[in-house]
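# Per-entry structural report
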Amino acid sequence: MAIEVELDMAAIAGIETAAKAAALETVRVLRGEVVSAAVMPFDTGHMQNNQTEVTQVVDGEEIHTMLTTDAPQARRLYYHPEYHFQTGKNANAGASWLADWLPGGAQESFLPDTFTACLKEKMPK
């Protein structure tokens, strides 16, 4: 018995395009959530408002979509909860400001749920 499988490459490309777009949108929404939650350290606002951005890198078959900052102080602030963080402008400012949205955090279902909703919206009809 012979089985022949034909792949619709145009449909697969459409799904890949939708997945990339959904990942970008998900991380953009995450950025908005982080800003709304007022959890990033905030002195002048430059790190949060100007140096934190959504990036996407395609490396062969892998797609990496990230919330990144090029602020030199970001790593130091993120990993040092013992610092005294100002809370005048961001009431919840502190270290590990993404922890709530990561596995084990209070908002751990946010990323998969948002990605699913964005992907459904962007899938080719």
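Counting starts from 1 at the beginning of each chain's written sequence and moves along it residue by residue. Where local features are concerned, this predicted model is filtered to residues with pLDDT of at least 70; where side-chain atom pairs are given and counted, the filter is 80 or more; whole-chain, interface and lining totals use all residues. As a convention, hydrogens and water are excluded, and side-chain values are obtained from all of the structure's heavy atoms.

### Concerning the overall build of the protein chain
Counting its regular elements, the protein chain contains four helices and two strands. Put simply, the radius of gyration uses C-alpha atoms, and a globule should come to 2.2 Å times the residue count raised to 0.38. Against the globule reference of 14 Å for 125 residues, the protein chain gives a C-alpha radius of gyration of 19 Å, more extended than a compact globule. Viewed in the frame of its principal axes, the protein chain has a C-alpha envelope of about 70 × 25 × 25 Å. Among the 125 residues that make up the protein chain, the fraction classed as buried is 28%. We call two residues contacting when some pair of their heavy atoms lies within 4.5 Å. Sequence separation of 24 or more characterises 55% of the internal contacts of the protein chain that already satisfy a separation of 6 or more. The secondary structure listing takes helices from DSSP runs of H or I that are at least 4 residues long and strands from runs of E that are at least 2 residues long, numbered from the N terminus. Note on exposure labels: buried denotes an accessible area under 20% of the residue type's maximum, exposed denotes more than 50%, and partly exposed covers the range between, all computed with a 1.4 Å probe on protein chains only.

### What to know about the pairing of strand S2 (residues 62-69)
Criterion used throughout: strands pair if DSSP finds at least two bridges between them. Where strand S1 (residues 52-59) lies against S2, eight bridges are found, and the strand directions are antiparallel. For Asp59, the partnering residue across the bridge sits in S2 and is Glu62.

### Focus on the confidence of the model for the protein chain
Per-residue confidence for the protein chain gives a mean pLDDT of 95; residues scoring 70 or more make up 100%. Summary of the metric used: pLDDT quantifies the predictor's per-residue confidence within the range 0 to 100. Between the elements of the protein chain, mean pLDDT differs from a low of 93, seen in S2, to a high of 98, seen in helix H4 (residues 110-122).

### Thoughts on unusual backbone geometry
A positive phi angle, close to 55 degrees, is found at Ala38, a residue other than glycine. As for its placement among the helices and strands, Ala38 is situated in the loop between helix H1 (9-37) and helix H2 (46-49). Phi is positive for Ser96, which is not a glycine, with a value near 50 degrees.

### Concerning the nonpolar core
Proteins that are soluble and globular tend to have nonpolar side chains buried together. We call a set of buried residues a nonpolar core when its members are Ala, Val, Leu, Ile, Met, Phe, Trp, Tyr or Cys and they connect through side-chain atoms within 4.5 Å of each other. Residues Val34, Met47, Trp97 and Trp101 are the most contacted members of the largest nonpolar core, which totals 15 residues. Secondary structure elements with two or more residues in this core: H1 and helix H3 (74-78). For this core, the element with the most residues is H3, which contributes three residues. Residues in contact with Val34, not counting those within four places in the same chain, are Val39, Met40, Trp97, Leu98 and Trp101.

### Here we look at a nonpolar patch on the surface
A surface patch of nonpolar side chains, amounting to about 780 Å² of accessible area, comprises Met1, Ile3, Val5, Leu7, Met9 and Ile12. Mapped onto the elements of the fold, Leu7 is located in the segment before H1. Overall, the relative accessible area of 62% leaves Leu7 in the exposed class. Patch members must show over 30% relative accessible area and no salt bridge, and they are joined within 9 Å when carrying like charges or within 5 Å when they are nonpolar side chains of Val, Leu, Ile, Met, Phe, Trp or Tyr. The Shrake-Rupley method, run with a 1.4 Å probe, gives the accessible areas here. Residue values count only the displayed protein chains as cover. For salt bridges, the criterion is a side-chain nitrogen of Lys or Arg within 4 Å of an Asp or Glu carboxyl oxygen.

### Brief notes about the packing of aromatic side chains
Only centres within 6.5 Å qualify two rings of Phe, Tyr or Trp (six-membered ring in Trp) as a pair; their planes then separate them into stacked at under 30 degrees, edge-to-face at over 60, and tilted for everything else. Evaluated as defined, the whole model comprises three aromatic pairs. On the numbers, 4.8 Å between centres and 85 degrees between planes, the contact of Tyr78 with Trp97 is edge-to-face. In this pair, Tyr78 is assigned in helix H3 and Trp97 in the loop between H3 and H4, connecting sequence segments 19 residues apart. When the ring of Tyr83 is compared with that of Phe85, the centres are 6.4 Å apart and the planes differ by 45 degrees; the resulting orientation is tilted. Linked through ring pairs, Tyr78, Tyr79 and Trp97 together constitute an aromatic cluster.

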